[in-house]
Amino acid sequence: MKLFIDTANLDHIREAASWGILDGCTTNPSLMAKEGRDFAETIAEICDIVQGPVSAEVVAQDTEGMLREARLVRQISEHVVVKLPMSWAGIAACRVLSDEDTRTNVTLVFSVNQAILAAKAGATYVSPFIGRIDDQGNDGMGVLSDIITTFNNYYFETEVLAASIRHQSHVLDAVRLGSHVATMPYTVMKKMIQHPLTDKGNEGFLRDWATVPGDGIEATVNEFLSRRDKAAS
Ligand code: E4P
């Protein structure tokens, strides 16, 4: 199970990378716009930080335009994954880029049929938008589940990347279904660690520790080690 962060915010990406659990990053034109920075510089910096797959989305709407953008964007870093919209132009571009060994992420996927097309075009990742499907009153996790089953049935190598994740339960459900990747906002990733019993347990441990004799672990262990070294010499 890979955890990607869904943002173009460098501070958030840096912090998530410092936790040592970050496998990759996804961006999109809206997330780029939110940061108000140069596209190429930002993607390059994200790649440097993440050192793993970073999805950078093309904005051309025709196959030739997408290919021109993709062939430029992929030169920014070896970590770039070209993100293509779900459309016939995007599917055709995906096939060409796959044949050129360029990694791709087909985005804006809302149905099993769309996911099949992306897989048939050789996409590295396919991104079903769970939250946005739920927003329509439909079953985002149901669509994710059907895509995973379909890919397993036909041994498609395309990885399923659960996107548009809104809360921790979405992450849990995606894991339960066996999604290869979940990409999530910084806030959701940060909340994954939270549990009231962990906080309560830690408070209890610290309270009890205060009654243990000595001046703390560092001083106690240092004293112990020097006593032991002396006795051995
Ligand atoms: C995925 O790659 C997209 O960037 C993202 O998950 C979209 O999420 P949203 O529906 O919260 O905008």
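So, here's what we can say about the structure. (Residues numbered from 1 in each chain as written. Predicted model: local features only at pLDDT ≥ 70, side-chain atom pairs only at ≥ 80, totals over all residues. Heavy atoms only, no water.)

## A closer look at the pattern of salt bridges
Inspection of the entire model under this criterion finds eleven salt bridges. Ionic pairing is found between Lys-190 and Glu-15, a salt bridge with its closest N-O pair at 3.2 Å. Here Lys-190, found in helix H10 (residues 186-191), pairs with Glu-15, found in helix H1 (residues 10-18); they are 175 residues apart in sequence, far enough to count as distant. Accessibility expressed as a relative area gives 39% for Lys-190, which makes it partly exposed. Residues Arg-176 and Asp-173 are paired through a salt bridge, measuring 3.6 Å at the closest nitrogen-oxygen approach. Here the residue Arg-176 and the residue Asp-173 both occupy positions in helix H9 (residues 168-177), the gap between them amounting to three residues, near one helical turn. Assessed through its relative accessible area of 64%, Arg-176 is described here as exposed. Three or more residues are tied together by salt bridges with common partners; here these are Asp-11, Arg-14, Arg-37 and Glu-45. (Salt bridge = Lys/Arg side-chain N within 4 Å of Asp/Glu carboxyl O. Helix = DSSP H or I, 4+ residues; strand = E, 2+ residues; numbered from the N terminus. Buried < 20%, exposed > 50% of the residue type's maximum accessible area, 1.4 Å probe, protein only.)

## Description of the site of the ligand
Near the ligand the following residues occur: Asp-6, Thr-26, Asn-28, Lys-83, Phe-129, Arg-132, Ala-163, Ser-164 and Arg-166. Contact between the ligand and Arg-132: an oxygen atom at 2.7 Å from a side-chain N or O atom of the residue. Here Arg-166 contributes a side-chain N or O atom positioned 3.1 Å from an oxygen atom of the ligand. Coverage of the ligand by the protein chains reaches 86% of its 340 Å² of free accessible surface. (Near = heavy atom within 4 Å. Polar contact = N/O pair within 3.5 Å; in protein donor to acceptor, adjacent residues only side chain to side chain. Areas by Shrake-Rupley, 256 points an atom, 1.4 Å probe, with all protein chains shown as cover.)

## Describing the sheet that holds strand E3 (residues 54-57)
Spatial strand order, E1-E2-E3-E4-E5-E6-E7-E8: eight strands in a closed barrel with parallel pairing. Averaged over all neighbouring strand pairs, the angle between strand axes comes to 30°, with direction disregarded. In the sheet, strand E7 (residues 159-162) pairs with strand E8 (residues 181-184) via two bridges, with the strands oriented parallel. Within the sheet, the bridge partner assigned to Leu-161 lies in E8 and is Val-181. Most of the contacts of helix H3 (residues 39-50) go to E3, to which it runs at about 170°, and overall it touches strand E2 (24-26), E3 and strand E4 (80-85). Helix-sheet contacts for helix H5 (residues 88-99) involve E4 and strand E5 (104-109), and the interaxial angle to E4 is about 155°. (Pairing = 2+ DSSP bridges. Axes fitted to C-alpha atoms, helices over the stretch in contact; angles between N-to-C directions. Contact = heavy atoms within 4.5 Å.)

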